[in-house]
Structure formats: C-alpha cells, structure tokens
Amino acid sequence: QVQPEESGGGSVQVGGSLRLFCTASGRAFSNYDMGWFRQAPGKEREFVAGISWKADSIGYADSVKGRFTISRDDNTGYLQMNSLKPEDTGVYYCKLGPWLGERVLGDAWGQGTQVTVSS
C-alpha cells in the first residue's frame, strides 16, 4: 500500500480558500485512484471527492460541488477549496487505491490536515 501525506490545511474565514496537497513517495502514486475524505468532530469520515488514476473520471460529494476542485499530476494530488463554509471544518485525508463510489479501497491513511473555517 502507498502511504499518503496531506498538507495545506489551515484556518480561514467563511468564503475563503485553501489548497490541499496529497503526496506519496515513489513511482506508484500515478498508478492509484485518489480520494479526499474529511472528518468533523463527532462525525463519521465522509467522502469529499475522487479522481481516477488517469484523471479521466472525477466525482464530488453534493455538499462541495461547485466549490471544490480535485486534480492531480504525476506525483501530487490536489484539492482546491473555495467559498469555504463552517461545515467544511474537519480533518482532511487523502486516500490512494481503487476508487469505488464513495470509497477508496485500502488501509493506508495519512495523518490528515486540519481545515478550520470560522464564521
């Protein structure tokens, strides 16, 4: 399994923007689908966005459509987050593996990166 590392989180005000990054060592990064998930305090981890390994298939949770953009290159995954809302607050995780609906298979999670949106 490929161990991802997330970065780019921070604290912003409502309406602000952040760009998250997902990296993994080695040549294997490009061979995996990628998904972004988030977990707010007291809530279950939820799917945010997914992208296939060739970047020819992309999907978003309804809650972020029109505001978030997922993308990737050969060695880095991205999540551009615009028009942020307080409900976007949480720890954001990147996952590498087969992307199926709102799941990405595998057990390798990074430590996540905290996103806080204040009103």
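Our structure is the block above this text.
What this report covers is the structure whose coordinates are included nearby. Predicted model, so just to flag it, every value in this text is computed and none were measured.

A tally of regular secondary structure across the protein chain gives 0 helices and 12 strands. Scanning the protein chain from its N terminus toward the C terminus, one meets helices and strands in the order β-β-β-β-β-β-β-β-β-β-β-β. Radius of gyration (C-alpha) of the protein chain: 13 Å, near the 14 Å computed for a compact globule of 119 residues. Along the first, second and third principal axes, the C-alpha set of the protein chain runs to 40 × 25 × 25 Å. Within the protein chain, the proportion of its 119 residues that are buried is 44%. When contacts within the protein chain are restricted to residue pairs at least 6 apart in sequence, those whose partners lie at least 24 apart make up 57%. Of the accessible surface of the protein chain, which amounts to about 6400 Å², a share of 45% is contributed by carbon and sulfur atoms. Side-chain charges in the protein chain split into 12 positive and 13 negative, and the spacing between the mean points of these groups amounts to 2 Å.

Attention now moves to the sheet that holds strand β3 (residues 18-23). One open sheet accounts for 4 strands, arranged β1-β3-β8-β7; its pairing is antiparallel. In this open sheet, the two edge strands, each paired with only one partner strand, are β1 (5-7) and β7 (68-72). Neighbour-to-neighbour, the strand axes of this sheet turn through a mean angle of 15°, independent of strand direction. By the bridge criterion, 3 bridges tie β1 to β3 in an arrangement that is antiparallel.

The next point concerns the pairing of strand β4 (residues 34-39). By the criterion of burial, β4 is predominantly enclosed, with 5 of the 6 residues buried. Across 5 bridges, β4 lies against strand β5 (residues 46-51) in antiparallel orientation. Paired with Met34 across the two strands is Ile51, which belongs to β5. Here β4 hands over to β5 after 6 residues, with Gly42 in that stretch at a positive phi of 80°.

If you walk through the whole model with that rule in mind, you get 1 disulfide. Cys22 shares a disulfide with Cys94; S-S distance 1.9 Å. With the S-S dihedral at roughly -70°, the linkage between Cys22 and Cys94 falls on the left-handed side. Of this pair, Cys22 sits in strand β3 while Cys94 sits in strand β9 (residues 90-96); the two residues are 72 residues apart in sequence, bridging distant segments of the chain. Since its relative accessible area comes to 0%, Cys94 is described here as buried.

Below, the discussion takes up the environment of Ser11. Take Ser11: it is sitting in strand β2 (residues 10-13). Between the alpha carbons of Ser11 and Val117 there is a distance of 5.9 Å; along the sequence they are 106 residues apart.

In this section: the packing of aromatic side chains. Tallying each qualifying case throughout the model produces 5 aromatic pairs. Between Phe21 and Tyr78, the ring centres sit 5.7 Å apart and the planes meet at 70°, which makes this aromatic pair edge-to-face. Pair noted here: Phe21 is in strand β3 and Tyr78 is in strand β8 (residues 76-81), with a separation of 57 residues, a long-range link. Classification of Phe21 as partly exposed rests on a relative accessible area of 29%. For the ring pair Phe47 and Trp99, a centre distance of 6.4 Å and an interplane angle of 15° mean the geometry is stacked. With Phe47 in strand β5 and Trp99 in strand β10 (residues 99-100), this pair connects stretches of sequence that are 52 residues apart. Assessed through its relative accessible area of 16%, Trp99 is described here as buried. Here a set of aromatic residues connected by ring pairs shows up, and it is made of Phe37, Phe47, Tyr93, Trp99 and Trp109.

Conventions used here
Residues numbered from 1 in each chain as written. Predicted model: local features only at pLDDT ≥ 70, side-chain atom pairs only at ≥ 80, totals over all residues. Heavy atoms only, no water. Helix = DSSP H or I, 4+ residues; strand = E, 2+ residues; numbered from the N terminus. Rg over C-alpha atoms; globule rule 2.2 N^0.38 Å. Buried < 20%, exposed > 50% of the residue type's maximum accessible area, 1.4 Å probe, protein only. Contact = heavy atoms within 4.5 Å. Areas by Shrake-Rupley, 256 points an atom, 1.4 Å probe, with all protein chains shown as cover. Lys, Arg positive; Asp, Glu negative; His and termini not counted. Charge placed at Lys NZ, Arg CZ, Asp CG, Glu CD. Pairing = 2+ DSSP bridges. Axes fitted to C-alpha atoms, helices over the stretch in contact; angles between N-to-C directions. Disulfide = S-S within 2.5 Å. Phe/Tyr/Trp six-rings, centres within 6.5 Å; stacked < 30°, edge-to-face > 60°.

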